[in-house]
Amino acid sequence: MDISADLRHRLRGIVVQRMETDPAHDLAHLDRVWVNAQAISDETTNMRVLLAASYLHDLVNLPKNDPDRHLASRRSAEESEPILDNFGYTPEEIKATRHAIAAHSFSANIPPETAEACILRDADRLDALGAIGVARNFSVSGALGRSLYDPADPFAESRSLDDLHFSVDHWKVKLLKLPADMLTKRGKALARKRAERMIRFLTEFAEEIGHPLPSDWSQLNSTR
């Protein structure tokens, strides 16, 4: 087992029991973020920092409807420090990992200032797109008691978008806008491919409920 594999194994052991409460932010989510991060990284990336940030970024995971959710990434960054110190990370590596963790969150509104922070943010957001993104969206919505869609107006053609009540609304409010907000070239390319999968799914979804998908939805990914 090489050093990175051993470190990954130890990090997974630290977080496994803390990632059991939310099916959208479980250990499998961390594994996927690490896979995404590796796909985006290059030879200049500090992989020790990126690996630790991938597995520790959701140490503190608050529900989407928690009023303190915007503080979760900062708290995760704080709680990561003793773990990183125990794993032999240098002060510079700890600082870089903490920043990547703190800056990854959409709600924290902290600008990523390093390559590793940009990669982690993109890698985490990629997990909200594609086939996994569809599954996670419906899983979270179900846990929060939200409806799949508004049967009277599924695609909000005559009403305001309301993703606090309708799961599909969240696609237009946030998810399908993610590709345009990616910070890395590789992340943006992957995000667009995954958004295309979601639009194909949504087109078939619309057909099955007997309500054609409006053109402004089907063109979201291609026009951004």
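A brief report on the enclosed structure follows.

**Concerning the overall build of the protein**
- Helix and strand content of the protein: eleven helices and zero strands.
- Reading the protein from its N end, one meets helices and strands in the order α-α-α-α-α-α-α-α-α-α-α.
- Computed over C-alpha atoms, the radius of gyration of the protein comes to 18 Å, within 12% of the 17 Å expected from 2.2 N^0.38 for 224 residues, which places it in the range of a compact globule.
- Principal-axis analysis of the C-alpha atoms places the extent of the protein at approximately 60 × 35 × 30 Å.
- Excluding contacts between residues fewer than 6 apart, the proportion of contacts in the protein whose partners are at least 24 apart in sequence is 62%.

**Overview of the nonpolar core**
- If you look at the biggest cluster of nonpolar residues, it comprises 51 residues, and the most contacted ones within it are Leu11, Leu56, Trp171 and Leu202.
- When residues of this core are traced back to their parent elements, those giving at least two are helix H1 (3–15), helix H2 (27–40), helix H3 (47–56), helix H4 (72–86), helix H5 (91–103), helix H6 (115–126) and helix H10 (185–208).
- Sort the elements by how many residues they give to this core and H10 lands first, with seven residues.
- When neighbours within four sequence positions are excluded, Leu56 is seen to be in contact with Leu11, Val15, Ser76, Ser80, Ile83, Leu84 and Ile101.

**Looking at the environment of Asp216**
- Mapped onto the elements of the fold, Asp216 is located in helix H11 (residues 215–218).
- Residue classification places Asp216 among the partly exposed residues on the basis of a relative accessible area of 39%.
- In this structure the side chain of Asp216 is engaged in a polar contact, spanning 2.5 Å, whose partner is the side chain of Lys172.

**What about the environment of Ile119?**
- Among the structural elements, Ile119 can be located in helix H6.
- Placed 46 residues apart in sequence, Ile119 and His165 show a C-alpha to C-alpha distance of 31 Å.
- Contact partners of Ile119, with chain neighbours within four places excluded, come to Ala37, Ile40, Ser41, Thr45, Leu50 and Thr184.

**With respect to H5**
- Across its 13 residues, H5 extends 18 Å between first and last C-alpha, which sits within 8% of the 18 Å expected from 1.5 Å per residue.
- Within H5, the full set of buried residues consists of Glu93, Ile94, Thr97, His99, Ala100, Ile101, Ala102 and Ala103.
- Structurally, H5 contributes buried residues whose contacts are with H3, H4 and H6.

**Comments concerning the side chain of Thr97**
- Structurally, Thr97 is set in helix H5.
- A polar atom in the side chain of Thr97 sits 2.8 Å from the backbone oxygen of Glu93.
- Each residue touching Thr97, except ones within four places of it in the same chain, is listed here: Val49, Ala52, Ala53, Leu84 and Tyr89.

**Some remarks on the pattern of salt bridges**
- Considering all chains together, one arrives at nine salt bridges under this definition.
- Residue Asp31 pairs with Arg8 through a salt bridge whose shortest N-O separation is 3.3 Å. One end of the pair, Asp31, is in helix H2; the other, Arg8, is in helix H1, and 23 residues separate them in sequence.
- Measuring nitrogen to oxygen at the nearest pair gives 3.3 Å for the salt bridge that ties Asp127 to Arg136.
- Since its relative accessible area comes to 13%, Arg136 is described here as buried.
- Each of Arg8, Arg12 and Asp31 takes part in one network of salt bridges that share partners.

**Topic: unusual backbone geometry**
- In this model, Ala156 sits at a positive phi of 50°, which is unusual for a non-glycine residue.
- On the secondary structure map, Ala156 appears in the loop between helix H7 (130–143) and helix H8 (169–173).
- Looking at Ala156, the relative accessible area reads 15%, which means it is buried.

**Considering the packing of aromatic side chains**
- In the structure shown here, the tally under the stated rule is six aromatic pairs.
- Pairing Phe138 with Trp171 gives two aromatic rings, centres 6.2 Å apart and planes at 35°, and the pair type is tilted. Here Trp171 lies in helix H8 and Phe138 lies in helix H7, a separation of 33 residues in the sequence.
- Since its relative accessible area comes to 23%, Phe138 is described here as partly exposed.
- Their ring planes at 90° and their centres at 5.6 Å tell us that Tyr149 and Phe205 sit as a pair that is edge-to-face. Taken together, the residues span a long stretch of sequence, with Tyr149 in the loop between H7 and H8 and Phe205 in helix H10 at a distance of 56 residues.
- Assessed through its relative accessible area of 24%, Tyr149 is described here as partly exposed.

What counts as what
- Residues numbered from 1 in each chain as written.
- Predicted model: local features only at pLDDT ≥ 70, side-chain atom pairs only at ≥ 80, totals over all residues.
- Heavy atoms only, no water.
- Helix = DSSP H or I, 4+ residues; strand = E, 2+ residues; numbered from the N terminus.
- Rg over C-alpha atoms; globule rule 2.2 N^0.38 Å.
- Contact = heavy atoms within 4.5 Å.
- Core = buried A, V, L, I, M, F, W, Y, C linked by side-chain atoms within 4.5 Å.
- Buried < 20%, exposed > 50% of the residue type's maximum accessible area, 1.4 Å probe, protein only.
- Polar contact = N/O pair within 3.5 Å; in protein donor to acceptor, adjacent residues only side chain to side chain.
- Expected span 1.5 Å × (residues − 1).
- Salt bridge = Lys/Arg side-chain N within 4 Å of Asp/Glu carboxyl O.
- Phe/Tyr/Trp six-rings, centres within 6.5 Å; stacked < 30°, edge-to-face > 60°.

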